[in-house]
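The lines below spell out each chain.
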Amino acid sequence: MPAAYEKVIILLDEYDTPMQEAYVDGFWDEMTAFIRSMFNSTFKTNPYLERAVMTGITRISKESIFLDLNNLKVVTSTSDEYGTLLSRIRTGADGGFGGQVCDYLQS
């Protein structure tokens, strides 16, 4: 990778919404194949990726569409390690949460 490039951080909000729609509308197999391929090229084999954060309401299983991903860490609103951060994000404490998210992503 050329030295002039910096790695990116990807924030993917509500990753599971298209999955839920695919299930309801009857194209689950096609969507899971697409998502699996997209996640592989975006999150696993992307040399320009520093870190990624995905949010959603569906519990992440380390099987299914996430099978190929390495270093997957599931964080929930009840996780001790990030409970304070997630609570602040959920409630909008301090008028915003950008700083806390940036601090987390850089750690």
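Right, let's walk through the structure included here. (Residues numbered from 1 in each chain as written. Predicted model: local features only at pLDDT ≥ 70, side-chain atom pairs only at ≥ 80, totals over all residues. Heavy atoms only, no water.)

**Some thoughts on the overall build of the protein**
Across its full length, the protein carries 4 helices and 2 strands. The N-to-C order of helical and strand elements in the protein reads β-α-α-β-α-α. Taking all 107 residues of the protein together, the buried fraction comes to 21%. Residue pairs at least 24 apart in sequence account for 61% of intrachain contacts in the protein once pairs closer than 6 positions are excluded. Accessible surface computed for the protein: about 7700 Å², of which carbon and sulfur atoms make up 53%. (Helix = DSSP H or I, 4+ residues; strand = E, 2+ residues; numbered from the N terminus. Buried < 20%, exposed > 50% of the residue type's maximum accessible area, 1.4 Å probe, protein only. Contact = heavy atoms within 4.5 Å. Areas by Shrake-Rupley, 256 points an atom, 1.4 Å probe, with all protein chains shown as cover.)

**Concerning the nonpolar core**
Among the nonpolar cores identified, the biggest contains 12 residues, and these are Tyr15, Met19, Ala22, Met31, Ile35, Phe39, Phe43, Leu49, Met54, Ile65, Phe66 and Leu69. Elements that contribute at least two residues to this core include exactly helix H1 (17–25), helix H2 (28–44) and strand S2 (49–54). Ranked by the residues each element gives to this core, the list is headed by H2, at 4 residues. In this view, Met54 contacts Leu12, Tyr15, Phe39, Phe43, Phe66 and Leu69; residues no more than four positions away in its chain are not counted. (Core = buried A, V, L, I, M, F, W, Y, C linked by side-chain atoms within 4.5 Å.)

**Regarding unusual backbone geometry**
One non-glycine residue, Glu14, lies in positive phi territory at about 55°. As for its position among the elements, Glu14 is in the loop between strand S1 (8–12) and H1. The exposure class assigned to Glu14 is partly exposed, which follows from its relative accessible area of 47%.

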